[in-house]
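Examining the three-dimensional arrangement
Each chain, letter by letter, is given below.
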Amino acid sequence: MALCIGVMGAENQPLLIKISPNIQDPIKFHFMLHSALDVVEEKSQPLPKTPGSISGADLRELYLGLLYPSSDEVRVYGYCANTRMKMILIVEASNTTLRDNEIRTMFRRLHVAYSNMIMNPFYDVGQPISSKSFHDFVDSMIAAFGVGKLVNPTLYSVEMEYFEDVPTLTGIRLLLRS
Amino acid sequence: MADAISGPSYLYNLLANELSVALYGDLDKTSENMGALTMMTIKDRKAAAAAAGPSSSEAPVDTSASARDSDTVFPKLESIGYQVGQRLIERLTKEHARFKDELDRMKFVCTDLWKYLYDKQIDTLRTNNQGTYVFTDNLFRPLAFFSAEGVDQYYPQSGRFIAFPCGIIRGALSALGIRCTVSAKVLSVTCCVFEVVVERT
Amino acid sequence: MSAKGKAPLLDNNKVNADLIKLTYGALVAQILKDYEKPEDVNKQLEKLGYNIGVRLVEDFIAHHNIPRCLDFRQTAERVQQAFRFYLGFQPAVGNWAPTGNEFSLIWDNTNPIGDFVEFPDNLRTLQYSRVLCGAIRGGLEMVQIDVAITIAKEFLLGDQATELRIRFNKRLEDALPIGED
């Protein structure tokens, strides 16, 4: 089941974050999204050609795949458009039926919905998204992946340290342990 | 030239050119308007001629309005273009592979984006490899549109038609992560040159 | 469609229709910044439409060898045709008044120039489709038909369709064709 979908703008500002309504502690997902952005930045930079580096074909794709080795509880996928709009998808690790192709399709549909949404002249690009139709669409994506299951928060605990005022990208270290 | 442009392209050209007219506060006074581009009825033309005096029988080229243009209307036109460029790029690059570098992005603007907007590519792209790029379009459609209509005497006012495309370029590049300033010059009745200066941080 | 390499560009007509919508949308947003009051913006949109319609009709006639309309029904058909030609899809013509002097142009479940527009709550008096009214009025005035047009239904405000109501006022006899002095 999709636990969380995050859409970030070009400056890494959050545009829309939707978390499955069954989650007990949504704050953890906010931090997961932010730390995932670090990885997205890294993966979307063109790498210098070194022996053993990722092949050119992978670099050119907008879909970034699994962002970091999956923990036992969640898998985090990323996508970065050419306009540096980023999307993060967090799914339950126990959902083994979700294939890579399906994830790709989800991102593509999200991207289409996003590009339709920005055609609205009353929406300022880069601002938090308030479009009802886009919200509904993302809700439907979260709901589409099966009946809501209660996620047991004791399955994982999250340790993080962050600066007092503003959690910056570098100021968060996220550890997942079961 | 104008014969080749029809259907939605024609409407788009009309709309793009009406932008500047629409941005003037007072669309009522058609005779005082930048007369070239609004359709003046016979009555209006006669009224304008009568008001101007018997010696002038053609619509005068209003140079004071040109000064007003650059202060008020050009920035607004540019800003409209910016909005259009920004949103357009998302649609156009949706399926496009990730861009390699700045030049890759410039080339996209010159080829795909220009083709989308004007059904042709930029004819020449030059760069000094230090952040300045020059796009040359030898047959810039909005200008060609007007010269074919026989209003080349209004070419001094052509600045209005290039503020909007400048904005589109700036909006498109900004959406691709390149902050820049874009200016344009009309070299001849149909040739237009855009200069893009990328902000170096 | 592969994500690698260049995507095929859309058909040129569809492409320009999208561009028209985007440009118009950005223009509305800018006029709104300048005028702030939706009622004033509506007036500007009407005039903008008028200016465009007046020029558009010449292009339409030039490309479509059509004879003079004999009655209002034929006029309705021409307007319908023009929408297909310039915006890529045509409205239905219906709701004729018994006198034959009034009809509606109906776009079901959409707005022809504002597909993706979502109105913020404070702008519900903004008539986004007003430019269409102005354009039709301007175009018909150039062929000596005076009409009054109102927006009967607006999809962007929650109605099921966008409907423009066009009422025939009178024939204009005294205006000379443009170009003849």
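Below is a summary of the structure that appears in this document. (Residues numbered from 1 in each chain as written. Chains lettered and ligands numbered in written order. Predicted model: local features only at pLDDT ≥ 70, side-chain atom pairs only at ≥ 80, totals over all residues. Heavy atoms only, no water.)

Our focus in this paragraph is the interface of chain B and chain A. Listed by partner, the interface residues are 18 residues for chain B and 27 residues for chain A. Summed over both sides, the interface between chain B and chain A buries roughly 1900 Å², with carbon and sulfur atoms accounting for 44% of that surface. Sorting the residues of chain B by area buried against chain A places Arg87, Glu90 and Arg98 of chain B first, and these three jointly supply 46% of that buried surface. Where chain B packs against chain A, one counts 0 salt bridges. In this assembly, chain B and chain A are joined by 12 residue pairs in polar contact (both at pLDDT 80 or more). Secondary structure elements with two or more residues in the side of chain B that touches chain A: helix 3 (63-93) and helix 6 (159-175) of chain B. (Contact = heavy atoms within 4.5 Å. Buried area = accessible area lost by both parts, 1.4 Å probe. Salt bridge = Lys/Arg side-chain N within 4 Å of Asp/Glu carboxyl O. Polar contact = N/O pair within 3.5 Å; in protein donor to acceptor, adjacent residues only side chain to side chain. Helix = DSSP H or I, 4+ residues; strand = E, 2+ residues; numbered from the N terminus.)

Quick look at the pattern of salt bridges now. Counted under the stated rule, the structure contains 19 salt bridges over all chains. Residues Lys86 of chain A and Glu41 of chain A are paired through a salt bridge, measuring 3.9 Å at the closest nitrogen-oxygen approach. Here Glu41 of chain A lies in helix 1 (residues 27-44) and Lys86 of chain A lies in strand 5 (residues 86-92), a separation of 45 residues in the sequence. Judged by its relative accessible area of 3%, Lys86 of chain A falls in the buried class. Asp40 of chain C is the partner of Lys43 of chain C in a salt bridge, and the nearest nitrogen-oxygen pair spans 3.7 Å. Note that Lys43 of chain C and Asp40 of chain C are positioned in helix 2 (residues 38-63) at a spacing of 3 residues, about one turn of the helix. Residue Lys43 of chain C is classed as partly exposed on the basis of its relative accessible area of 45%. Each of the salt bridges in this network shares a partner with another, and the network as a whole consists of Lys120, Asp123 and Asp137 of chain B. (Buried < 20%, exposed > 50% of the residue type's maximum accessible area, 1.4 Å probe, protein only.)

Before going further, it helps to examine helix 4 (residues 102-118) of chain B. Residue and element names in this part refer to chain B. The terminal C-alpha atoms of helix 4 lie 23 Å apart, and with 17 residues this matches the ideal 24 Å at 1.5 Å per residue to within 8%. When the local axis directions of helix 4 are compared, the greatest deviation, roughly 30 degrees, occurs at Val109. By the criterion of burial, helix 4 is predominantly enclosed, with 12 of the 17 residues buried. Where helix 4 begins, the side chain of Asp101 points an oxygen toward the backbone nitrogen of Leu103, at a separation of 3.3 Å. Directly beyond the C-terminal end of helix 4, a positive phi value near 60 degrees is found at Asp119. (Expected span 1.5 Å × (residues − 1). Bend = angle between axes of the 7 residues up to and from the residue.)

Looking along a regular strand, one sees side chains alternate from face to face of the sheet. Note: strand 1 (residues 92-94) of chain C against strand 2 (residues 102-108) of chain C, 3 bridges, orientation antiparallel. Pairing of Ala92 of chain C across the sheet is with Ile106 of chain C, part of strand 2 of chain C. (Pairing = 2+ DSSP bridges.)

Let us look at the sheet that holds strand 1 (residues 2-8) of chain A. Residues and elements named next belong to chain A. Taken in spatial order, the 5 strands line up as 2-1-5-4-3 in an open sheet, and their pairing is antiparallel. Strands with a single pairing partner mark the edges of an open sheet, and in this sheet they are strand 2 (14-19) and strand 3 (63-66). Strand-to-strand twist of the sheet, defined as the mean angle between neighbouring strand axes without regard to direction, takes the value 10 degrees. Relative to strand 4 (residues 74-80), strand 3 runs antiparallel, the two sharing 3 bridges. Along strand 4, the bridge assignment pairs Leu66 with Tyr77. Contacting strand 1, strand 2, strand 3, strand 4 and strand 5, helix 3 (residues 100-117) runs over the sheet at an angle of about 140 degrees to strand 5. Its contacts with the sheet put helix 4 (residues 132-144) on strand 1 and strand 2, and the angle it makes with strand 2 is roughly 40 degrees. (Axes fitted to C-alpha atoms, helices over the stretch in contact; angles between N-to-C directions.)

Residue and element names in this part refer to chain C. Where helix 3 (residues 72-87) contacts helix 4 (residues 130-142), the axes come no closer than 12 Å and their chain directions differ by 125 degrees. As judged from the angle between their axes, helix 3 and helix 4 are oblique. The element helix 3 and its partner helix 4 pack so that their crossing is right-handed. Touching Thr75, Val79, Phe83 and Leu87 of helix 3 are Leu132, Ile136 and Leu140, all from helix 4. Among the residues making up the contact of helix 3 with helix 4, the classes are represented as 6 nonpolar, 1 polar and no charged. (Parallel < 35°, antiparallel > 145°, perpendicular 65-115°, else oblique. Left-handed = near helix turned anticlockwise from the far one by under 90°. Nonpolar A, V, L, I, M, F, W, Y, C, P; charged D, E, K, R; others polar.)

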